[in-house]
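What the coordinates show
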Amino acid sequence: MNKNLKNLFYAVVIIVISSGVAAAVTAYVMKNNESKGYYLESKEGAFNQPVQKVMYDGVAAENTDFTYAAEKTVHAVVHISVSATVSVGNQYIDPFEWFFGNPDSRQRPRQQQQQIGSGSGVIISTDGYIITNNHVIENADSINVTLNDKRSFTAKIIGSDPRTDIALIKIDATDLQPITFGDSEQLKVGEWVLAVGNPFDLTSTVTAGIVSAKGRSIQTGDSDREKIAAFIQTDAAVNPGNSGGALVNTKGELVGINTAIYSRTGSFTGYSFAVPINIAGKVVSDLKQYGAVQRGVLGITMTDPENISKSGKDTKISKMEGAYIIEFAERSSAKEAGIEVGDVITAINDKKVLSPSEVQEQINKYKPGDKVRITVDRYGKKKEFTVELKNLQGNTNIQKGGDSAEVLGAAFKALSDKEKQQYGISYGIEVSSISKGKIQECGIKKGFVIMIVNDEKVQTPEAFFNIVDKILKGTTSEKGLLIKGFYPNSGATRHYAIDLID
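Residues numbered from 1 in each chain as written. Predicted model: local features only at pLDDT ≥ 70, side-chain atom pairs only at ≥ 80, totals over all residues. Heavy atoms only, no water.

Our focus in this paragraph is the overall build of the protein chain. Within the protein chain, the regular secondary structure consists of 12 helices and 27 strands. Counting the 502 residues in the protein chain, one finds 44% classified as buried. Considering only contacts in the protein chain between residues 6 or more positions apart, those separated by 24 or more positions represent 62%. When the accessible surface of the protein chain is totalled, it reaches about 27000 Å², and 50% of it is carbon and sulfur. (Helix = DSSP H or I, 4+ residues; strand = E, 2+ residues; numbered from the N terminus. Buried < 20%, exposed > 50% of the residue type's maximum accessible area, 1.4 Å probe, protein only. Contact = heavy atoms within 4.5 Å. Areas by Shrake-Rupley, 256 points an atom, 1.4 Å probe, with all protein chains shown as cover.)

Structure below.
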């Protein structure tokens, strides 16, 4: 090889080696910098923004193979079929009664019609306890549960809670496959979840989506302003029949009970909502143990601070996240602890809260008598208070689900069509017998016809007992009964008041 060719060969080798070393060094430096979170400055663009090469030091995204979660949970979700009797028909107001001051008393008799509905439920114990939605089993005459293996059982209601739309039912079965509870507070927005249920009676249906939001408050159409709304929002497809079914994470853990959809058509249009299992789990535990939900309350009315700021009602607010206190209830535990109107709740037991619904979600984990640490922002100053929670009646007593008939100490019967025609009314129940109890104590005598209780028309004894049950179980802020009716022999309207909470 001549001298020129030799020199050319050495030059090429040197260039190749240099290039390789430079590339290796550059790669090492970039990798080292990226793993430490260092950024490379971009020289392009007006903002000179930092640019980072994507390096996650691990798996870039959670495993999206849902077969494990589906197989683990599908046998724990059941189909629920409900039979209920409903009244149908148009009301009729007698014009003479309208002019003479009693427009509600005479209506055309309403026909009774059998209605069949369906939903889903989740097995939570080996001996047959099942969690579902209150609206699935409400007013049911009979409840039938079909397991994933096609076995069928008749279920009985253990208890229900309209405020969270959660109910507990039970079937006589053993060796069932209960679902594992997860922690709904650990859910993250963007995390994959599965909805397992029976939409349109299509059993064992699994759909997937992500958590779209947490602590979401929605309008359910219910007039009960005490209804708890701190939903998990997802885009997993949920349709009629999914109500009461399971929302699970990719580990197959129960994180919510599917409850509602946002839709103008009645079918899924992109958003569904679930009651967090940290709320639902406590509800069914209370129903099983006490027969009623043990619900601690702060005794406050609250709203978003932003609403107050925009309205100009309070211009000194410094925090736009949390819950602004508008007013206090009677015997409010929050007021007794030193919290004031205008304070913005920002944390509960050091758990940050961003909205009134999140305050509800946190407080609902506790029972009357529990003490919680409340952090508030008082016009820029951070303050902390220890609050002992009370129940809706303003004390720390355990509320037990009692027998309404036993408490009232009376028996009732529905009026016959002949009696309604004779009295000139279309609804009401008669006090058929009296023993020792609240009815006797307030002065009501046998034969009295009860028409209205707490502004609700009473059609059947069961409807009356339902009103009493809600008060005894602490699911309403009412503490007693205001009863309106008459004695057939006199016809004059009489009013009675009964205090159920001593």
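Turning to the side chain of Q294, a few remarks are in order. Examined against the element boundaries, Q294 turns out to sit in the loop between α5 (277-290) and β16 (300-303). From its side chain, Q294 meets the backbone oxygen of A292 in a polar contact 3.1 Å long. (Polar contact = N/O pair within 3.5 Å; in protein donor to acceptor, adjacent residues only side chain to side chain.)

Moving on, we get to the confidence of the model for the protein chain. In this model, the protein chain carries a mean pLDDT of 82, and residues with pLDDT of at least 70 account for 78%. Note that pLDDT drops below 50 for residues 33-43; the model gives that stretch 19 contacts with residues more than four away or on any other chain. Counting contacts from residues 221-225, a segment whose pLDDT is below 50, to residues more than four positions away or on other chains yields 2 contacts. (pLDDT = per-residue confidence, 0-100.)

Here we take up the nonpolar core. Ranked by internal contacts, the top residues of the largest apolar core, which has 30 residues, are I166, A246 and L254. Secondary-structure elements contributing two or more residues to this core are β5 (129-133), β8 (166-170), β10 (192-197), β13 (246-249), β14 (253-261), β15 (272-276) and α5. No other element matches α5, which puts 6 residues into this core. With residues up to four places along the chain from it excluded, the contact list for A246 reads V77, V122, I179, L194, A195, V196, L254, G256 and N258. Grouped together as the second largest cluster of nonpolar side chains are 23 residues, I439, V453, I483 and I501 included. (Core = buried A, V, L, I, M, F, W, Y, C linked by side-chain atoms within 4.5 Å.)

Per the stated rule, a full pass over the model turns up 13 salt bridges. Residue E340 pairs with R378 through a salt bridge whose shortest N-O separation is 3.6 Å. Of this pair, E340 sits in the loop between α7 (333-337) and β18 (344-348) while R378 sits in strand β20 (residues 371-378); the two residues are 38 residues apart in sequence, bridging distant segments of the chain. Residue E340 is classed as partly exposed on the basis of its relative accessible area of 40%. (Salt bridge = Lys/Arg side-chain N within 4 Å of Asp/Glu carboxyl O.)

What follows covers unusual backbone geometry. Residues other than glycine seldom take positive phi values, yet F200 does so here, at roughly 55°. Mapping F200 onto the fold places it in the loop between β10 and β11 (205-216). Unusually for a residue other than glycine, D350 sits at a positive phi of about 70°. As for its position among the elements, D350 is in the loop between β18 and β19 (351-352). D350 sits in the exposed class, given a relative accessible area of 54%.

Right, let's talk about the pairing of strand β21 (residues 381-388) for a bit. In this structure, β20 lies alongside β21, joined through 8 bridges in antiparallel fashion. Bridging across to β21, R373 finds its partner in T386. Here β20 folds back onto β21 in antiparallel fashion, the turn holding 2 residues, of which Y379 has a positive phi close to 50°. (Pairing = 2+ DSSP bridges.)

What follows deals with the pairing of β11. As defined by bridge partners, β10 adjoins β11 across 6 bridges and the pair is classed as antiparallel. Along β11, the bridge assignment pairs V196 with V206. With 3 bridges connecting them, β11 and strand β12 (residues 231-234) associate as antiparallel partners. From the neighbouring strand, R216 faces β12, where its bridge partner is F231.

A few words on the side chain of K170. Residue placement: K170 occurs in strand β8. In terms of polar contacts, K170 uses its side chain to reach the backbone carbonyl oxygen of D127, at 2.9 Å. If sequence neighbours within four positions are ignored, K170 has contacts with D127, G128, Y129, T154, A155, K156 and I158.

Our focus in this paragraph is the packing of aromatic side chains. Applying the stated criterion across every chain yields a total of 8 aromatic pairs. Residues F448 and Y496 carry aromatic rings whose centres are separated by 5.4 Å and whose planes lie at 90° to one another, so their mutual orientation is edge-to-face. Linking F448 in the loop between α11 (438-442) and β24 (449-453) with Y496 in strand β27 (residues 493-499), this pair joins segments that are 48 residues apart in sequence. Looking at F448, the relative accessible area reads 0%, which means it is buried. Classification of Y496 by relative accessible area gives buried; the value is 11%. Each ring, one from F464 and one from F465, has its centre 6.5 Å from the other, and the planes form 10°; the classification is stacked. (Phe/Tyr/Trp six-rings, centres within 6.5 Å; stacked < 30°, edge-to-face > 60°.)

Our next topic: α5. With 14 residues, α5 should cover 20 Å at 1.5 Å per step; its first-to-last C-alpha distance of 19 Å lies within 8% of that length. With 10 of its 14 residues buried, α5 lies for the most part within the structure. Where α5 is concerned, the buried positions are I277, I279, A280, G281, K282, V283, V284, D286, L287 and Y290. G291 occupies a position one or two residues after α5 and carries a positive phi of about 85°. (Expected span 1.5 Å × (residues − 1).)

Turning our attention to the environment of T174. Looking at the element boundaries, T174 is found in the loop between β8 and β9 (180-181). For the pair T174 and T126, spaced 48 residues apart in sequence, the C-alpha separation works out to 5.7 Å.

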